[in-house]
Amino acid sequence: MQGLLEKSLLEAPVIRRGEYEYFIHPLTDAIPALRPELLLEVCDRIVEVANSGAEKIFTMEAMGIHIAAVLSQKTGLPMNIVRKREYGLPGEIILDQSTGYSKGKMYINAVESGEKILIVDAVISTGGTLIAVINALKKKGVEVTDVACVIERGDGVGKVFKETGVRVKTLVKIDVVDGKVLIL
């Protein structure tokens, strides 16, 4: 089935940053503007595939916030954001994350041992951020019930499973070749 997500990906412009071909998409960049019908379609599809045993939705700043917010409204589950800045709150978890194009620290707050968490994000490519977040949550005693990413690009899904034992569910797998997005 080709929905709005697939159609929008096929129309996405591609820019080159060094050797990397980077696709520009409403879900990942808000360029062009993110249409509400696309966001609703994506969230409906995540609800269909994600494990419903979660008590809270987690996402990472900033690409997953809009998705997690709509999912929170649709499911009634509270949401939490893994931030890129330190708050210094009691129990704050500090983790190092590395992706194909950035490195930095991230900060998790307001999570308790025994909680059941659904992690959502817009895209997975290298898996570096998810590996760091999942491992930090597991170390805290949190159960990651499921992980759902909208767009899969690269080998991150396999890396996350190898490093954490958690399977990442995705809605669409893509590659970018010669300035074009291809749906695999």
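Right above here is the structure, for reference.
What counts, and at which threshold
- Residues numbered from 1 in each chain as written.
- Predicted model: local features only at pLDDT ≥ 70, side-chain atom pairs only at ≥ 80, totals over all residues.
- Heavy atoms only, no water.
- Helix = DSSP H or I, 4+ residues; strand = E, 2+ residues; numbered from the N terminus.
- Buried < 20%, exposed > 50% of the residue type's maximum accessible area, 1.4 Å probe, protein only.
- Polar contact = N/O pair within 3.5 Å; in protein donor to acceptor, adjacent residues only side chain to side chain.
- Contact = heavy atoms within 4.5 Å.
- Salt bridge = Lys/Arg side-chain N within 4 Å of Asp/Glu carboxyl O.

Colleague: So what exactly am I meant to see when it comes to the side chain of S8 here?
Modeller: Summarising the element assignment, S8 is placed in helix α1 (residues 4-10). S8 sits in the buried class, given a relative accessible area of 15%. From its side chain, S8 meets the backbone oxygen of L5 in a polar contact 2.8 Å long. Those residues in contact with S8 that sit more than four places away from it in its chain are H25 and L38.

Colleague: What is the right way to look at the pattern of salt bridges in this model?
Modeller: Opposite charge on two side chains lets them pair, provided their charged atoms get close. Using the criterion set out here, one finds eleven salt bridges in the structure. Across the salt bridge formed by K105 and D96, the nearest N and O atoms sit 2.8 Å from each other. Taking relative accessible area as the criterion, K105 reaches 44% and is therefore assigned partly exposed. Ionic pairing is found between D155 and K159, a salt bridge with its closest N-O pair at 3.6 Å. Residue classification places K159 among the partly exposed positions, given a relative accessible area of 37%. In the salt-bridge network here, residues are joined through shared partners; they are E6, E41 and R45.

Colleague: Sorry, what's going on with helix α4 (residues 65-75) here?
Modeller: A turn of α-helix holds 3.6 residues, and therefore any two residues three or four places apart point the same way. Looking at α4, one finds that the buried residues are I67, A68, V70, L71 and S72. Looking at the buried side of α4, the elements it contacts are α2 (26-29), α3 (36-49), β3 (56-60), β4 (79-82), β7 (116-124) and β8 (143-153). A positive phi of about 80° marks G76, the residue just after α4.

By themselves these figures say nothing about function.
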